[in-house]
Amino acid sequence: VLTAEDKKLIQQTWGKLGGAEEEIGAEALLRMFHSYPPTKTYFPHFDLSPGSDQIRGHGKKVVAALGNAIKNLDNLSQALSELSNLHAYNLRVDPPRFSLQFLSQCLQVTLATRLGKEYSPEVHSAVDKFMSAVAAVLAEKYR
Ligand code: HEM
């Protein structure tokens with residue numbers, strides 16, 4: 001469960017990313033494709049080379065969706081409802097827990113390398129909880 005302190009840290013951390021969303025999203029995706037190659041199978045229609053328009057564009061969308069979630073931390077299920085439908089019914093990203101965890105890990109490494117010391121244990125823990133909450137919502141419609 002996200003505490004009030006976690007929520008504050010997440011919001012502050014996101015506030016520091018201003019303008020770099022596309023780069024951060026693209027880096028997280030590239031890390032995921034490298035470290036967990038099976039995740040590439042969901043993107044057969046993408047050019048997966050570093051810096052491709054598709055990776056940049058998609059990275060931006062993912063980080064924007066997370067930014068929107070951060071504005072709705074008390075209401076994540078509703079804020080992510082459409083994305084949840086998309087991933088569960090249309091994309092069938094599977095097994096959801098695994099792939100979602102990979103992306104979450106890769107995003108955290110990306111943030112850590114950018115924020116350095118500012119990615120403190122407290123921030124790390126808050127972001128980890130936040131990403132688990134997002135993953136839980138994105139996975140909740142699977143059966
Ligand atoms: C599409 C967010 C995890 C595969 C999308 C879109 C967003 C998004 C915002 C675009 C939706 C639109 O265009 O309307 C997220 C978030 C995730 C997540 C916030 C978790 C934190 C994953 C994972 C995979 C995945 C783990 C697979 C490994 C896809 C695919 C698309 C998509 C294949 C469609 C891409 C396209 O054809 O443009 N996701 N996603 N997503 N996502 Fe995710």
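Residues numbered from 1 in each chain as written. Predicted model: local features only at pLDDT ≥ 70, side-chain atom pairs only at ≥ 80, totals over all residues. Heavy atoms only, no water.

## With respect to the side chain of Thr39
At step 1: Mapped onto the elements of the fold, Thr39 is located in the loop between helix H2 (21-35) and helix H3 (53-70).
At step 2: Here Thr39 falls in the buried class, since its relative accessible area comes to 4%.
At step 3: At 2.7 Å, the side chain of Thr39 and the backbone oxygen of Tyr36 are in polar contact.
At step 4: Ignoring anything within four residues of it in the chain, the contact list for Thr39 reads Met32, Phe33, Ser99 and Phe102. (Helix = DSSP H or I, 4+ residues; strand = E, 2+ residues; numbered from the N terminus. Buried < 20%, exposed > 50% of the residue type's maximum accessible area, 1.4 Å probe, protein only. Polar contact = N/O pair within 3.5 Å; in protein donor to acceptor, adjacent residues only side chain to side chain. Contact = heavy atoms within 4.5 Å.)

## A look at the coordination of the iron atom of the ligand
Around a metal, the idealised angle for a tetrahedral arrangement of four donor atoms is 109.5 degrees; for an octahedral arrangement of six donor atoms it is 90 or 180 degrees.
At step 1: A lone protein donor binds the iron atom of the ligand: His87 (NE2), at 2.1 Å.
At step 2: Looking at where His87 falls in the secondary structure, it is placed in helix H5 (residues 81-91). (Donors = N, O, S within 2.8 Å, 3.2 Å for Na, K, Ca; no water.)

## A few points about the site of the ligand
At step 1: In the vicinity of the ligand there are 22 residues, among which Tyr42, Phe43, His45, His58 and His87 approach most closely.
At step 2: His87 has a polar side-chain atom sitting 2.9 Å from a nitrogen atom of the ligand.
At step 3: Elements supplying a minimum of two residues to the shell around the ligand: H3, H5, helix H6 (96-115) and helix H7 (121-139).
At step 4: Residue composition of the shell around the ligand, grouped by class: 16 nonpolar, 5 polar and 1 charged. (Near = heavy atom within 4 Å. Nonpolar A, V, L, I, M, F, W, Y, C, P; charged D, E, K, R; others polar.)

## Details of the side chain of Ser84
At step 1: Examined against the element boundaries, Ser84 turns out to sit in helix H5.
At step 2: Polar side-chain contacts of Ser84 include one of 3.0 Å to the backbone oxygen of Val137.
At step 3: Filtering out sequence-adjacent residues up to four positions away, Ser84 remains in contact with Val137, Leu138, Glu140 and Lys141.

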